[in-house]
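# Per-entry structural report
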Amino acid sequence: MAAQIRQRSVEIVKCINRYSQYTPSSLSIKQLLDFGRQASINNSYKFLSSELPIRLAHIMKELGHLPVGLLDMPSVQRVDD
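Attention in this report is confined to the structure presented alongside it.

## Concerning the overall build of the protein chain
Of regular secondary structure, the protein chain possesses 5 helices and 0 strands. Secondary structure elements of the protein chain, listed N to C terminal, follow the sequence α-α-α-α-α. In terms of overall dimensions, the protein chain is more spread out than a globule: its C-alpha atoms have a radius of gyration of 16 Å, far above the 12 Å expected for 81 residues. For the protein chain, the spread of C-alpha atoms along the principal axes amounts to about 45 × 30 × 20 Å. Residues classed as buried in the protein chain amount to 7% of the 81 residues present. Here the analysis covers contacts within the protein chain between residues at least 6 apart in sequence; of these, 59% occur between residues at least 24 apart. When the accessible area of the protein chain is evaluated, it comes to approximately 6,900 Å², of which 61% is carbon and sulfur surface. Charge-centre separation for the protein chain: the mean point of 10 positive side chains lies 7 Å from the mean point of 7 negative side chains.

Structure representation (structure tokens):
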């Protein structure tokens with residue numbers, strides 16, 4: 001069981017590292033609102049399925065750069081887990 005958890009953790013770290021290599025799409029609020037009003041469900045799905053992993057990977061990487069005191073806070077630990 002512990003080996004499976006470690007293996008899963010290694011896979012997650014590799015995935016985060018891979019997706020964090022990409023640059024998130026830059027969108028203004030206006031572009032985001034226009035897209036939301038005009039896009040089809042298919043286009044929204046395509047955009048989100050490619051964009052969300054990239055943005056989440058960047059967030060997870062940024063968490064690692066927080067000062068030690070913040071890293072120990074329960075709220076940050078909950079997100080990191």
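## Brief notes about the packing of aromatic side chains
Scanning all chains against the criterion turns up 2 aromatic pairs. Taking 6.4 Å as the distance between ring centres and 50° as the angle between the ring planes, the aromatic pair formed by Y19 and Y22 counts as tilted. By relative accessible area, which is 25% here, Y19 ends up partly exposed. Judged by centre distance (5.5 Å) and plane angle (55°), the rings of F35 and F47 are tilted. Linking F35 in helix α2 (residues 29-38) with F47 in helix α3 (residues 41-63), this pair joins segments that are 12 residues apart in sequence.

## Things to note about the pattern of salt bridges
Enumeration over the complete set of coordinates arrives at 3 salt bridges. Residue D34 pairs with K30 through a salt bridge whose shortest N-O separation is 2.8 Å. In this pair, D34 and K30 both sit in helix α2, 4 residues apart, roughly one turn of the helix. Assessed through its relative accessible area of 24%, D34 is described here as partly exposed. Measuring nitrogen to oxygen at the nearest pair gives 3.5 Å for the salt bridge that ties D34 to R37. Taken together, the residues span about one helical turn, with D34 and R37 both in helix α2 at a distance of 3 residues. Counted as one network, the salt bridges with shared partners bring together K30, D34 and R37.

Conventions adopted
- Residues numbered from 1 in each chain as written.
- Predicted model: local features only at pLDDT ≥ 70, side-chain atom pairs only at ≥ 80, totals over all residues.
- Heavy atoms only, no water.
- Helix = DSSP H or I, 4+ residues; strand = E, 2+ residues; numbered from the N terminus.
- Rg over C-alpha atoms; globule rule 2.2 N^0.38 Å.
- Buried < 20%, exposed > 50% of the residue type's maximum accessible area, 1.4 Å probe, protein only.
- Contact = heavy atoms within 4.5 Å.
- Areas by Shrake-Rupley, 256 points an atom, 1.4 Å probe, with all protein chains shown as cover.
- Lys, Arg positive; Asp, Glu negative; His and termini not counted.
- Charge placed at Lys NZ, Arg CZ, Asp CG, Glu CD.
- Phe/Tyr/Trp six-rings, centres within 6.5 Å; stacked < 30°, edge-to-face > 60°.
- Salt bridge = Lys/Arg side-chain N within 4 Å of Asp/Glu carboxyl O.

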